[in-house]
Amino acid sequence: MRHHLFSPLSCPLLLGVFFAAFSPGSCLGETTDDFGPIREFLERSVDQGVVAGGSVVVLHDGEIVFQSGFGFADLESETPFEVDTPVVVASISKPMLGTTMFRLADVGILDLQTPVAKYLPEFNEIKLESGAALDRQPIVSELLTHSSGLRHDDAKSGKIWFQKWTKGKTLEDVVKRVAIEFPFVTQPGTKFAYSGIGTDVLARIGEIVSDQPRNEMLQTHLCIPLEMKTTFYWDETGLERMRRQMPTRYYRDKKVGGGLRVYKGISQTKPNRYTASGGTIVSTAPDLLKWLQMIRSGGVHGDRVFLTPQTHSEMLQANELTGVARGGLFVRKRDDQGKPVGFGHTGSSGTNVWIDFETDTIGIMLTQTRGSDIKAFRIELERRISDTLLRRMDSFAK
């Protein structure tokens, strides 16, 4: 079976739609397809079995300069992977939840600088693994910057979403057990530890202050205001409402020469039953673009303020201990004065988003090929996109 690049150009019925959405060089007045080499790179990567398929969107100077589906959402049926194919975004869920929490803070029902135990009294008695008392309670924002003291995902029992005891439970049930059975590894605010458990604790606080289950909270305070109509936490209700087949998830099997194999993925869950709060949001590239454009626009969506300027600024402030912005995005670039100007996040399902304020660029890459297997592909694609934009800018300047 030959894997080839899917493009709307291959279908005459979609030709007009494609050029309405993306005209090469529309931002800078060029007539050549500057992104042709990137299309070839995507096609070659699919042909070589590096990645099954995916979608890419690039925004520059406020204009979409490139968007394309490539490869397949399912290899067996050769279903094309389209620009708006929904995916599990995996850990990109963390900064999306982070934005939701800053929205709750903006409307005055959450204090991100308050100790966790104010909202979750069960954390009052928590200790270190050694049995020693905590020097202080972690504050809510430290759950977002991975500096709370809770265990790393890679530590023993760090990935509770894979453990049988969490199945069918509510988030409230899970977080209460975490408070009882999962002592802190380090003192709060002293060390980086990438903690999905911390994200679950954060989401539970969101439930309490919003008086809504986590899945509904995401809809009320993020998706509806930003018009993200195909974004939701994974559950049966969301999947039924979407009425679209999710793409097959793949991994590269080293036992058979690195060939792509089907990954079972997440089992369906009833509404408001526990799934990893920092890893199970479903979304599309167009929806993620709305979220990132709001961040690019200083907290404004369309003609409405989603986050006040102060809250937007606070969300992008870096925790210098961890290199994570307070809203959950990792700092990827700093200017000459050391100010963060580039942010991004990846997901284990093979996803990547980034925003560069210095070059005014937003990038989105969504696949469902395991992230650790396509790390080199992800890095190379982002580099090629960056180089292409720089050449376009140089050409325009001349």
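Owing to the predicted nature of the structure, the values given are computational and were not obtained by experimental measurement.

Enquirer: Any chance you could explain the overall build of the protein chain here in plain terms?
Expert: When helices and strands are counted, the protein chain shows 12 helices and 16 strands. Buried positions account for 57% of the 398 residues belonging to the protein chain. Across the protein chain, the fraction of contacts at a sequence separation of at least 24, relative to all contacts at a separation of at least 6, is 68%. Here the protein chain displays about 17,400 Å² of accessible surface, and carbon together with sulfur accounts for 51% of that area. Charged side chains in the protein chain number 47 positive and 48 negative. The centres of these two groups are separated by 5 Å.

Enquirer: Would you take a moment to explain the sheet that holds strand β5 (residues 232-233) for this structure?
Expert: Hydrogen bonds between backbone atoms are what pair the strands of a sheet, whose relative direction is either parallel or antiparallel. If you walk across this open sheet you meet the 3 strands as β4-β8-β5, and the pairing is antiparallel. Both edges of this open sheet fall to β4 (87-88) and β5, since each of them pairs with a single strand only. Direction of pairing for β4 relative to strand β8 (residues 281-283): antiparallel, over a ladder of 2 bridges. Residue pairing in the sheet places Val 88 in a bridge with Val 282 of β8.

Enquirer: Got a minute to help me understand the nonpolar core in this structure?
Expert: Nonpolar side chains in soluble globular proteins tend to be buried together. Residues Met 96, Phe 123, Ile 160, Ile 205, Trp 291, Ile 295 and Ile 364 are the most contacted members of the largest nonpolar core, which totals 73 residues. Ranked by residue count, the leading element in this core is helix α10 (residues 285-296), at 7 residues. Counting 19 residues, the second-largest nonpolar core is a separate cluster that includes Val 51, Phe 70, Met 365 and Ile 385.

Enquirer: How should I be thinking about empty space enclosed by the protein in this particular structure?
Expert: Unfilled space is identified by rolling a water-sized probe across the atoms. What the rule picks out here adds up to 2 cavities of 30 Å³ or more. In this structure, the largest cavity encloses a volume near 40 Å³. Around the largest cavity, the lining residues are Pro 95, Thr 99, Trp 291, Ile 295, Met 315, Leu 316, Ala 325, Gly 327, Gly 328 and Leu 329. The set of elements that each furnish at least two residues to the lining of the largest cavity consists of α3 (93-106) and α10. When its volume is computed, the second largest cavity comes out at roughly 30 Å³. Lining the second largest cavity, in full, are Ala 52, Gly 53, Phe 72, Ala 73, Phe 81, Pro 247, Thr 248, Tyr 250, Gln 368 and Thr 369. Each residue belonging to the lining of the second largest cavity can be placed in one class, and the counts come to 6 nonpolar, 4 polar and no charged.

Enquirer: Explain the confidence of the model for the protein chain here, please?
Expert: Detailed reading of predicted coordinates is not advised where the pLDDT is low. Taken as a whole, the protein chain shows an average pLDDT of 91; of its residues, 92% reach a score of 70 or greater. Across residues 1-32, where pLDDT falls below 50, the model places 64 contacts with residues more than four positions away in sequence or in other chains.

Enquirer: What is the right way to look at unusual backbone geometry in this model?
Expert: For residues besides glycine, phi is generally negative; the peptide bonds are generally trans as well. Notably, Glu 78 is not glycine yet its phi reads approximately 55°, a positive angle. Here Glu 78 is to be found in the loop between β2 (63-74) and β3 (79-80). With relative accessibility at 33%, the residue Glu 78 sits in the partly exposed group. Although it is not a glycine, His 146 sits at a positive phi angle of roughly 60°. Tracing the sequence through the fold places His 146 in the loop between α5 (140-144) and α6 (171-181). Since its relative accessible area comes to 4%, His 146 is described here as buried.

Enquirer: Would you take a moment to explain helix α7 (residues 196-210) for this structure?
Expert: Quick reminder: α-helices carry 3.6 residues per turn. Residues three or four places apart thus point the same way. Counted at 1.5 Å a residue, the expected span for α7 with its 15 residues is 21 Å, and the 21 Å between its end C-alpha atoms agrees. Counting buried positions along α7 gives 14 out of 15 residues, so the element sits mostly inside the fold. Positive backbone phi, at 60°, marks Asp 211, one or two positions downstream of α7.

Enquirer: I keep staring at the pattern of salt bridges and nothing clicks. Help me out?
Expert: Once the charged atoms of two side chains with opposite charge are near each other, the side chains can pair. In this structure the tally under the stated criterion is 19 salt bridges. Note that Arg 296 and Asp 360 form a salt bridge whose closest N and O atoms lie 2.7 Å from each other. Within this pair, whereas Arg 296 is found in helix α10, its partner Asp 360 is found in the loop between β15 (351-356) and β16 (361-367), the two being separated by 64 residues in sequence. In this structure, a network of salt bridges that share partners links the residues Glu 172, Lys 176, Arg 204 and Glu 207.

Criteria and cut-off values
- Within any chain, residue numbers begin from 1 and follow the written order of that chain's sequence.
- Given that the model is predicted, a residue must reach a pLDDT of at least 70 before its local features are reported, and side-chain atom pairs must reach 80 or more before they are shown or counted; all residues, however, enter totals for whole chains, interfaces and linings.
- Side-chain metrics in this entry use all non-hydrogen atoms of the structure; hydrogen atoms and water are not considered.
- Elements are defined by DSSP. Helices are runs of H or I of four residues or more, strands are runs of E of two residues or more, and each kind is numbered from the N terminus.
- Categorising residues by exposure relies on relative accessible area from a 1.4 Å probe, with only protein chains included: less than 20% of the type maximum marks a residue as buried, more than 50% marks it as exposed, and the intermediate range marks it as partly exposed.
- Contacts are assigned to residue pairs that have any heavy atoms within 4.5 Å of one another.
- A 1.4 Å probe and the Shrake-Rupley method give the accessible areas. Residues count as covered only by the protein chains that appear here.
- Charged residues are defined narrowly, with Lys and Arg counted positive, Asp and Glu counted negative, and His plus the chain ends left uncounted.
- Charge positions are represented by NZ for Lys, CZ for Arg, CG for Asp and CD for Glu.
- Paired strands are those between which DSSP finds at least two bridges.
- In this description, a nonpolar core means a group of buried Ala, Val, Leu, Ile, Met, Phe, Trp, Tyr and Cys residues linked to one another through side-chain atoms lying within 4.5 Å.
- For cavity detection a 1 Å grid was placed over the protein atoms alone, and a set of points counts as a cavity when a 1.4 Å probe fits there but cannot get out; an open set counts as a pocket when protein lies on both sides within 12 Å along at least five of seven lines, with lining residues being those that have an atom within 4 Å of a point.
- Grid points are joined across faces, edges and corners, and a volume is the space filled by probe spheres set on the points.
- Residue polarity is assigned by list, with Asp, Glu, Lys and Arg as charged and Ala, Val, Leu, Ile, Met, Phe, Trp, Tyr, Cys and Pro as nonpolar; anything else, Gly included, falls into the polar class.
- pLDDT: the predictor's confidence for each residue, scored from 0 to 100.
- Expected span of a helix: the number of residues minus one, times 1.5 Å.
- A pair is scored as a salt bridge if a Lys or Arg side-chain nitrogen falls within 4 Å of a carboxyl oxygen belonging to Asp or Glu.

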